[in-house]
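Analysis of the macromolecular model
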Amino acid sequence: MLAGALFIAGGAAIMVSLLLPNEGSSGPPATTPPPPSTTTTAVELPGAEEIRTGDLTAARAQIRAYLEQHPLDEQAHFLLAHTYEREGDFAAALAAYRALLEVQPNSFEAHYRIGLLQERQEQLDEAAASYDESLALNSDFTPARLGLAEVLAQLGRTEEAAELYFEVIDRRPMGVHMDEVRVELARLLIDLGQTDNAVIQLERALSENPQNQTAPELLEQARAAAATTTTEAEAAPGATTTTTIGAGAPPGSTTTTVGEG
């Protein structure tokens, strides 16, 4: 899952990642150390020690008791939800995130986490709506943009998904592996028949990360498809092939038209 694998989700999610072991945990791992203040806050939350020792039942009891006195503490809600995620109880985790939204309706991270859980359960339309709500609350939140692109691609809304990946590339947010984004974009461009543009994205992906294991094979496929398209266009009687940049097209996209000479 590209959205969860490539980006630091935000303060609350980072805080939880410090407490939950990597094995069996879900959500985006931190790729850079969090600020010291985040670590201090996490250690002070009730239930933190129990989570580290694996006693999630005791941890939840402490967190719930704490939330009765501090219902607006967003990090405590996230911590409670993540204990359920670790156990694979997605229904309980969703309920915990929705309880947070009842007291903090503008929590874009909660909408994002709900979207991740819905996507894992193959509730794609619902996940798209949750990611979209997260972006509506924070248009700079790249994990939600990546998540929405991924879900829209699965729903067959290829052009919309490609536009979102182009937006991520244009913004170049910190913490994102741009070569992986370009690979996912290239897949969509191939489906859209924009093989020349797919080649460009894959070449840039390899330039950014020569160790990318997916890009070389996909690049070979894209080049073959682009060559076939060009050959077929040139073989059409009396036809001319022109490459134009379409108005309103995503940055760097091309449109090939074949017309009478």
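Heads up: the structure comes first, above all this text.
Reference entry: report on the structure contained in this document. (Residues numbered from 1 in each chain as written. Predicted model: local features only at pLDDT ≥ 70, side-chain atom pairs only at ≥ 80, totals over all residues. Heavy atoms only, no water.)

With respect to the environment of threonine 83
With respect to the helices and strands, threonine 83 occurs in helix H6 (residues 74-87). A residue is classified by how much of its surface remains accessible, and threonine 83, at 0% relative accessible area, is buried. With 27 residues separating them along the chain, threonine 83 and leucine 56 place their C-alpha atoms 6.3 Å apart. The contact partners of threonine 83, leaving out residues within four places of it in the chain, are Ile51, Leu56 and Arg60. (Helix = DSSP H or I, 4+ residues; strand = E, 2+ residues; numbered from the N terminus. Buried < 20%, exposed > 50% of the residue type's maximum accessible area, 1.4 Å probe, protein only. Contact = heavy atoms within 4.5 Å.)

Quick look at helix H5 (residues 56-69)
The end-to-end C-alpha separation of H5 is 20 Å, in line with the 20 Å expected for 14 residues at 1.5 Å each. When we look at burial in H5, the residues that qualify are Leu56, Ala59, Arg60, Ile63, Tyr66 and Leu67. Angularly, the buried residues of H5 cover 130° about the axis, an arc narrow enough to put them on a single face. Facing away from the buried side of H5 by more than 90 degrees, the exposed set consists of Thr57, Glu68 and Gln69. Lining the buried residues of H5 we find helix H4 (48-53) and H6. (Expected span 1.5 Å × (residues − 1). Arc of directions from axis to C-beta.)

Structural notes on unusual backbone geometry
A positive phi angle, near 60°, is found at glutamate 122, a position not held by glycine. Relative to the assigned elements, glutamate 122 resides in the loop between helix H8 (108-120) and helix H9 (124-137). Judged by its relative accessible area of 68%, glutamate 122 falls in the exposed class. The backbone of arginine 172 shows a phi angle near 45°, a positive value even though the residue is not glycine. Counting through the fold element by element, arginine 172 comes out in the loop between helix H11 (158-171) and helix H12 (178-191). Under the relative-accessibility criterion, arginine 172 is labelled partly exposed at 47%.

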